[in-house]
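Chain by chain, the residues:
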Amino acid sequence: MNELVNELKLQLIDALNLDGMTPEEIDDNAPLFGDGLGLDSIDALELIVLLEKNYGIKLANPAEGKEIFRSVVALAEYVGKNRKK
Amino acid sequence: MTIRSYVKLTSDRIVSDRPVPCFSGTGRELLLSAFRASGISYPKFHKMDTLSKAGFLATEILLEGSDGRFVPREDRAVILFNSASSLCDDRHYCKTIADPGNWFPSPAVFVYTLPNIVTGEIAIRNKYYGETCFYVLPEPDPESICRIVSDAFQDRMTSSAICGWVDCTDDDTFEAVVFLVEDCIYEENALHGGGMPWNMENIRTILNK
Amino acid sequence: MENRTVRVISDNIVSPLGLSSGANWQSVYRGRTCLALHEGLWGLPEPFCASLFDRDSIDGECSGAGLPDGLTFFEKTALLSASAAVRESGIDPSSESVIFIISTTKGNVSLLCEPGEYAPGRETLHASARLIAEHFANPNMPVVVSNACISGLCAQIEAMRAIRSGRYDYAVVTGADCLSPFIVSGFQSFKALSPEPCRPFDLGRKGLNLGEAAATLVFAAEECCSDSAKNSWIAAEGAVRNDANHISGPSRTGEGSFRALQYVMEAVVPEELAFVNVHGTATPYNDEMESIALSRAGLSEVPVCGLKGYFGHTLGAAGVLETIISMKAADEGCIPATAGWRENGVSCPVSVSNECRRTEKKTFVKLLSGFGGCNAAMLYRKGGER
């Protein structure tokens with residue numbers, strides 16, 4: 001699990017251009033959107049692409065993302081359960 | 001109309017009548033080093049395409065330390081021109097859909113496939129509710145730029161404009177020439193501001209600096 | 001000079017629904033649409049619902065109209081529309097007093113993925129503009145407005161200003177965009193497309209449809225109009241305002257649209273308006289935002305109509321096309337029906353109908369919003385002075 005959390009953090013930094021951030025600086029349980037990491041709606045769409053590209057997970061409805069993108073830990077749990085690659 | 005100040009930022013230099021941040025390297029390295037040296041905290045900068053980064057950074061240098069910065073206003077327009085539109089980012093987007101077996105169109109890249117996004121980035125950063133518009137011309141033609149920006153002041157709300165030429169052909173080749181123009185008659189020895197008249201000759205001179 | 005009245009002296013729409021403004025208005029009046037689901041088209045992995053031209057019939061029209069060989073599809077549609085409108089206007093397009101203003105978001109962008117036989121550089125927007133201006137032997141540097149989905153109104157506002165300032169007497173404004181995997185996949189990645197014909201302002205709206213079209217308006221200074229044009233439509237006011245909020249998401253307070261509406265409504269009262277022709281893309285956020293802006297501007301009681309259920313979102317053409325349809329409708333005393341609407345699905349009250357309503361008023365507002373946080377409104381009126 002920790003390994004997946006770390007892997008996802010690196011992918012977030014790369015795909016969302018979180019320049020200069022290190023995985024250690026992303027709090028495992030902090031919200032990805034709003035006050036936490038400060039991501040926005042375009043980042044959410046880009047995260048959907050990331051899930052499909054790297055893990056074969058298709059999210060048809062961006063609204064589903066709300067729960068999944070709650071925090072890096074929540075994201076890792078979802079990916080762990082639903083990954084196809 | 002009066003040009004209050006200007007900035008010309010290219011792949012290898014920054015020329016301005018305003019203080020210029022230190023930078024190193026050329027192309028994307030210049031953009032990043034100048035952004036860091038200017039001490040601006042704005043993580044969204046790193047998400048922008050090169051066209052937006054160049055226009056955004058040139059405008060930051062143009063406005064740094066100006067009175068009433070970030071106070072929301074509707075009387076300032078952002079009117080930019082170029083010849084390559086968003087082609088640099090368009091090419092990046094094409095790569096995300098080039099291979100049917102690896103088809104992952106990127107929304108974060110697609111959103112920048114419109115040249116006017118840079119005007120929106122400047123409006124968002126500075127809280128400008130005024131007019132924003134982007135024009136594409138065959139070349140940096142001082143006559144068209146002078147006329148279109150002057151015409152924009154027919155809007156009764158508009159009293160000043162960030163305007164100029166912001167072009168990008170690839171991630172290491174770009175040019176951003178931005179002017180702060182105000183709707184007042186230029187007076188030599190004026191107590192406030194100084195500057196020079198908004199006319200074709202001065203636009204041409206600064207474009208060619 | 002800045003008080004010159006600017007009038008519309010001719011217009012044209014080339015869309016899948018017809019090749020003239022009249023034919024397009026008749027299609028709207030009869031509730032026709034070419035919105036259809038396209039599966040497997042252009043090798044796209046996902047189906048999409050859009051209003052597309054029949055390529056072969058456009059080729060046929062171009063030969064018939066005597067357009068040169070070697071044009072891209074985008075250039076064909078733009079030139080077909082511009083030629084028809086210029087011919088009808090009777091102006092001399094090669095005169096120095098005429099400026100060509102092209103409104104497009106992506107022009108020939110499909111050449112980036114498939115260059116075909118075209119020389120490098122043909123994909124630039126100014127190459128298309130130059131080709132159009134040269135077709136008419138116009139000596140002035142053509143201008144392209146590329147301001148996302150509000151380009152068609154920005155181009156008209158620039159035309160109005162260029163004539164008011166006295167620099168030009170006539171302006172030919174052509175808006176055009178055609179679809180390709182580039183544009184369709186981008187909107188798909190934004191999860192913005194509806195799998196069925198779109199439903200502006202409806203409770204069950206699921207997103208937008210894209211559409212192809214080219215449309216042209218020719219404007220003239222009042223004193224250059226023939227007597228018969230002295231009662232034509234006037235471009236009275238126009239404003240562009242930014243949300244200063246987000247580059248892709250509409251403002252939650254309708255900031256830019258509200259401010260643009262407020263500006264163009266300075267000289268009129270809401271009771272004078274026949275209708276507001278909204279952007280009405282049928283995405284959840286856009287229509288909600290527009291309802292808020294209309295309400296803030298005191299226009300909740302004014303009839304509202306949207307045309308995306310007939311044409312889809314025609315991008316750079318939308319501002320020109322939807323303005324022309326609004327003019328044709330008002331000419332015949334109609335408020336166009338909003339195709340796809342059944343039940344109100346926005347938080348502020350708006351007066352929408354899926355049936356054609358009657359009006360005697362000859363003043364309307366056109367509203368648009370786009371990526372980059374931009375919004376535009378224009379006020380048109382028919383008859384006397386502006």
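Residues numbered from 1 in each chain as written. Chains lettered and ligands numbered in written order. Predicted model: local features only at pLDDT ≥ 70, side-chain atom pairs only at ≥ 80, totals over all residues. Heavy atoms only, no water.

## Examining the pairing of strand S14 (residues 363–370) of chain C
Residue and element names in this part refer to chain C. Worth spelling out the cut-off: Working definition: with a 1.4 Å probe on protein chains only, accessible area under 20% of the residue-type maximum means buried, over 50% means exposed, and in between means partly exposed. By definition, any uninterrupted DSSP run of H or I lasting at least four residues is a helix, any uninterrupted run of E lasting at least two residues is a strand, and each is numbered from the N terminus. The pairing criterion is simple: DSSP has to find at least two bridges between the two strands.
For S14, the tally of buried residues reaches eight of eight residues, placing the bulk of the element in the interior. Burial of S14 is two-sided: the residues Thr363, Val365, Leu367 and Ser369 facing one way and the residues Phe364, Lys366, Leu368 and Gly370 facing the other way are all buried. One ladder, built from three bridges, connects strand S10 (residues 275–277) with S14; its direction is parallel. Bridge pairing in S14 places Val276 opposite Val365. Between S14 and strand S15 (residues 374–382), which pair antiparallel and follow one another directly, the connecting turn spans three residues, one of which, Gly372, has a positive phi of 90°.

## With respect to the layout of surface pockets
To keep it simple, the criterion reads: A pocket here means an open set of points on a 1 Å grid, computed over the protein atoms alone, that has protein on both sides within 12 Å along at least five of seven lines. A cavity is instead a set of points where a 1.4 Å probe fits but cannot get out; residues with an atom within 4 Å of a point line either one. Grid points are joined across faces, edges and corners, and a volume is the space filled by probe spheres set on the points. We call Asp, Glu, Lys and Arg charged. Ala, Val, Leu, Ile, Met, Phe, Trp, Tyr, Cys and Pro are nonpolar, and the rest, Gly among them, are polar.
Put simply, the second largest pocket is a space of about 1,200 Å³. At the level of elements, helix H1 (2–15) and helix H2 (41–55) of chain A together with helix H1 (27–37), helix H2 (50–63), helix H3 (87–96), helix H4 (107–110) and helix H5 (117–126) of chain B are the ones that each hand at least two residues to the lining of the second largest pocket. Ranked by the residues each element gives to the lining of the second largest pocket, the list is headed by H2(A), at seven residues. Here the lining of the second largest pocket is composed, by residue class, of 19 nonpolar, 10 polar and 16 charged.

## Re unusual backbone geometry
Unlike most non-glycine residues, B:Ser85 shows phi in positive territory, near 50°. Take B:Ser85: it is sitting in the loop between strand S3 (76–82) and H3. Looking at B:Ser85, the relative accessible area reads 5%, which means it is buried. Residue C:Phe201 is not a glycine yet carries a positive backbone phi of 65°. Mapping C:Phe201 onto the fold places it in the loop between helix H7 (181–189) and strand S7 (210–211). On the accessibility criterion, C:Phe201 (1% relative accessible area) is buried.

## Some words on the interface of chain B and chain C
One widely used convention gives an interface's size as the accessible area the parts lose upon coming together. Applied cut-off: A contact between two residues is defined here by any heavy atoms of the two lying within 4.5 Å. One speaks of a salt bridge when a side-chain nitrogen belonging to Lys or Arg is within 4 Å of a carboxyl oxygen belonging to Asp or Glu. Here a polar contact is taken to be a pair of N or O atoms separated by no more than 3.5 Å, where protein atoms must pair a possible hydrogen donor with a possible acceptor and residues adjacent in sequence count only if both atoms sit in side chains.
Tallying the contact residues gives 50 residues for chain B and 57 residues for chain C. Counting across the chain B and chain C interface gives 10 salt bridges. For the pair chain B and chain C, the interface holds 27 residue pairs in polar contact (both at pLDDT 80 or more). Put simply, the parts of the chain that give the side of chain B that touches chain C at least two residues each are H3, H4, H5, strand S4 (132–136) and helix H6 (142–152) of chain B. A per-element tally of the side of chain B that touches chain C places H6(B) first, with six residues. For the side of chain B that touches chain C, the residue count by class is 26 nonpolar, 11 polar and 13 charged. As defined by bridge partners, S4(B) adjoins strand S5 (residues 143–145) of chain C across two bridges and the pair is classed as antiparallel. What sits directly across from B:Tyr135, in S5(C), is C:Val145.

## Description of the interface of chain A and chain C
What counts here: A 1.4 Å probe defines the accessible area here, and the buried area is the portion of it lost by two parts on being joined, summed over both.
Contacts between chain A and chain C engage eight residues on the former and six residues on the latter. Roughly 530 Å² is buried in total at the junction of chain A and chain C, and carbon and sulfur atoms are behind 68% of that figure. Here chain A is connected to chain C by zero salt bridges. Along the contact surface separating chain A from chain C lie one residue pair in polar contact (both at pLDDT 80 or more). Residues belonging to the side of chain A that touches chain C are distributed by class as follows: six nonpolar, one polar and one charged.

## A short note on the packing of aromatic side chains
Put simply, the rule is: Each aromatic pair joins two rings of Phe, Tyr and Trp (for Trp, the six-membered one) with centres within 6.5 Å, and gets the label stacked for planes under 30 degrees apart, edge-to-face for over 60, and tilted for any other angle. Two conditions define a charge located above a ring, namely a distance within 6 Å from the ring centre to NZ of Lys or CZ of Arg, and an angle within 35 degrees of the ring normal.
Evaluation of the coordinates by the stated rule reveals 19 aromatic pairs over all chains. Judged by centre distance (6.3 Å) and plane angle (55°), the ring pair of B:Phe110 and C:Phe182 falls under tilted. Separated into two different chains, B:Phe110 in helix H4 and C:Phe182 in helix H7 make up a pair that spans both. Taken as a pair, B:Phe110 and C:Phe182 share a single burial class, namely buried. Following the ring pairs from residue to residue traces out a cluster consisting of B:Tyr93, B:Phe110, C:Phe182, C:Phe187, C:Phe190 and C:Phe371. A cation over a ring is seen here: C:Arg241 above C:Tyr263, with NZ or CZ 5.1 Å from the ring centre.

## Let's talk about the domain arrangement of chain C
All names here are of chain C. For clarity, the cut-off: A domain assignment, automatic or from a database, supplies the domain bounds used here.
Under the domain assignment, chain C is made up of domain 1 (6–228) and domain 2 (233–382). Computed over C-alpha atoms only, the centres of domain 1 and domain 2 are separated by 20 Å. Domain 1 puts 64 residues into the contact, and the matching count from domain 2 is 67 residues. Buried surface at the junction of domain 1 and domain 2, both sides included, amounts to about 5,000 Å², of which 70% is carbon and sulfur. When the area that domain 1 buries against domain 2 is broken down by residue, the three leading residues are Trp25, Phe201 and Arg205, summing to 18%. Applying the counting criterion to the domain 1 and domain 2 interface returns two salt bridges.

## A word on empty space enclosed by the protein
Across all of its chains, the model carries two cavities of 30 Å³ or more by this definition. Around the largest cavity sit B:Phe110, B:Thr113, B:Leu114, C:Thr105, C:Lys106, C:Ala148, C:Cys149, C:Phe182, C:Ile183, C:Phe187, C:Leu315 and C:Phe371, which together line it. In this model, the second largest cavity occupies a volume close to 50 Å³. Lining the second largest cavity are B:Ser85, B:Leu87, B:Asp90, C:Lys106, C:Val109, C:Glu123, C:Thr124 and C:Leu125.

## Some points on the environment of B:Cys94
Residue and element names in this part refer to chain B. Its place among the elements puts Cys94 in helix H3. Overall, Cys94 belongs to the buried group, its relative accessible area being 9%. Between the alpha carbons of Cys94 and Gly195 there is a distance of 43 Å; along the sequence they are 101 residues apart.

## Observations concerning the side chain of C:Lys76
Summarising the element assignment, C:Lys76 is placed in helix H3 (residues 73–89). Those residues in contact with C:Lys76, other than ones at most four positions away along the chain, are C:Ile58, C:Asp59, C:Cys62, C:Leu67 and C:Leu71.

## Comments concerning the packing of H1(A) against H2(A)
Residue and element names in this part refer to chain A. Test applied: Axes here mean lines fitted to C-alpha atoms, for a helix over just the part in contact, with angles spanning 0 to 180 degrees between N-to-C directions. What sets the label is the angle itself: under 35 degrees gives roughly parallel, over 145 gives roughly antiparallel, 65 to 115 gives roughly perpendicular, and the rest give oblique. Here is the rule for handedness: rotate from the far helix to the near one, and if that takes an anticlockwise turn smaller than a right angle the crossing is left-handed, while a clockwise turn gives right-handed.
Running from N to C, H1 and H2 cross one another at 125°; their axes reach a closest spacing of 11 Å. Between H1 and H2, the angle falls in the class oblique. As for the relative orientation of H1 and H2, their crossing is right-handed in sense. Packed against H1, whose contacting residues are Leu4, Glu7, Leu8, Gln11, Leu12 and Ala15, the element H2 presents Glu46, Leu47, Leu50, Asn54 and Tyr55 at the interface. Counted by class, the contact of H1 with H2 contains seven nonpolar, two polar and two charged residues.

## What about the nonpolar core?
Selection criterion: Note on terminology: a nonpolar core comprises buried Ala, Val, Leu, Ile, Met, Phe, Trp, Tyr and Cys residues joined through side-chain atoms within 4.5 Å.
In this structure, B:Leu9, B:Phe81, B:Phe179, B:Trp198, C:Phe187, C:Leu210 and C:Phe219 are the most contacted members of the largest nonpolar core, which totals 178 residues. Here this core spans two domains, since at least three of its residues come from each of domain 1 (6–228) and domain 2 (233–382) of chain C. Residues contacting B:Phe179, with those up to four places away along its chain left out, are B:Ile3, B:Ser5, B:Tyr6, B:Leu62, B:Ala161, B:Ile162, B:Cys163, B:Gly164, B:Trp198, B:Ile203 and B:Ile206. C:Val278, C:Ala297, C:Leu299 and C:Val346 belong to the second-largest nonpolar core, a separate cluster that totals 28 residues.

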